[in-house]
Amino acid sequence: MRGTVTDLGTPYPLGGLLPAVLQEDPFAMRLTAGLDDVLAPIIATLDCLYGYIDPALAPEDFLEWLADWVGATVDENWPLHRQRATVARAVELYQLRGTLVGLRAQVEVITGAQVDIVESGGVGWSTTPDGPLPGEPGSWLVVRITTAAPDSIRLGVVEAIVAAAKPAHVLHQIEVVQA
C-alpha cells in the first residue's frame, strides 16, 4: 500500500513563501516544515502521476487498483509482465468484445500462449418470441491453446473468459496442446 517516504524533500518549501518577518520566527518555520513533510509525498505523486497510470510503469501494489479502474481482471499468481499486459490492453479488448478476434486476443493475453479458435460458423434466427435459442445444437467453438508449459494454463480462468464471451447457446471446448 502507498505510504509516506521518510526524509522526502519537497521542491516547494512553504517556509520560503512566507513574508520575511515570519521567516525569522522559529515556530512558523517548524510549522511549515511539518506541513512540507506531510505534503511532500502528495507533490511527488502528482509530479509522477503518469508513472502511476501507465501500466508499464505503475508500482506493483498500484497495478491491482489500476486494473479495477479499467475493469480488467488480473490474477496475483500471474507473472508481472502478464498482469501489466492485461491492464494495458483492457480498453482494446473491450472494443473487440464479442468477436473471435477479441476472444483470441483476450485468451492470448491471459495465457501468454498462442491461441487458435475454430467455430462451426452457423447462424440462426427465429420469428417466434420465447422460442428455442437460435442456432442448431451443432453450433460449437473450440479454443486451442498451444504452449510449451501446459501445466501453467489455468483452465478455470480460461473457461470463465470463454463462457462470458461466447453466445449462451454455443457449445465450447478448450484444448491445451504442448508446443
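No experiment lies behind these values; they were computed from the predicted model shown.

Visitor: How would you explain the overall build of the protein chain if you had to name every residue and give the values?
Guide: A count of helical and extended segments in the protein chain gives 8 helices and 3 strands. Its C-alpha atoms give the protein chain principal-axis dimensions of roughly 85 × 45 × 20 Å. Within the protein chain, the fraction of its 179 residues that count as buried is 27%. Across the protein chain, every contact between residues at least 6 apart in sequence was considered, and the portion connecting residues at least 24 apart equals 54%. Accessible area for the protein chain stands at about 11800 Å²; split by element, carbon and sulfur atoms hold 60% of it. Of the side chains in the protein chain, 10 bear a positive and 22 a negative charge, and the two mean positions are spaced by 7 Å.

Visitor: Describe in detail the nonpolar core, supporting the description with residues and values.
Guide: Counting residues in each nonpolar core, the largest one holds 16 residues, and the members touching the most others are Leu-103, Val-107, Leu-141, Val-143, Ile-145, Val-158 and Val-162. Mapped by element, the contributors of at least two residues to this core are helix H7 (100-111), strand E1 (114-119), strand E2 (140-147) and helix H8 (155-165). Ignoring sequence-local partners within four residues, the contact set of Val-162 consists of Leu-103, Val-107, Leu-141, Val-143, His-172 and Ile-174. One finds Tyr-52, Phe-62, Leu-63 and Ala-90 within the second-largest nonpolar core, a separate group that totals 9 residues.

Visitor: How would you explain empty space enclosed by the protein if you had to name every residue and give the values?
Guide: The gaps left among the atoms become clear once a water-sized probe is rolled over them. Enumeration according to the criterion identifies 1 cavity of 30 Å³ or more in this entry. For the largest cavity, the calculated volume is near 50 Å³. The set of elements that each furnish at least two residues to the lining of the largest cavity consists of H7 and H8. Residues belonging to the lining of the largest cavity are distributed by class as follows: 5 nonpolar, 2 polar and 2 charged.

Visitor: Got a sec to walk through the side chain of Thr-10? Specific residues and values, please.
Guide: Within the secondary structure layout, Thr-10 lies in the segment before helix H1 (20-23). For Thr-10, the side chain forms a polar contact with the main-chain nitrogen of Tyr-12, separated by 3.2 Å.

Rules used throughout
Residues numbered from 1 in each chain as written. Predicted model: local features only at pLDDT ≥ 70, side-chain atom pairs only at ≥ 80, totals over all residues. Heavy atoms only, no water. Helix = DSSP H or I, 4+ residues; strand = E, 2+ residues; numbered from the N terminus. Buried < 20%, exposed > 50% of the residue type's maximum accessible area, 1.4 Å probe, protein only. Contact = heavy atoms within 4.5 Å. Areas by Shrake-Rupley, 256 points an atom, 1.4 Å probe, with all protein chains shown as cover. Lys, Arg positive; Asp, Glu negative; His and termini not counted. Charge placed at Lys NZ, Arg CZ, Asp CG, Glu CD. Core = buried A, V, L, I, M, F, W, Y, C linked by side-chain atoms within 4.5 Å. 1 Å grid on protein atoms, 1.4 Å probe; cavity = no way out; pocket = protein on both sides within 12 Å on 5 of 7 lines; lining within 4 Å. Points joined across faces, edges and corners; volume = space filled by probe spheres on them. Nonpolar A, V, L, I, M, F, W, Y, C, P; charged D, E, K, R; others polar. Polar contact = N/O pair within 3.5 Å; in protein donor to acceptor, adjacent residues only side chain to side chain.

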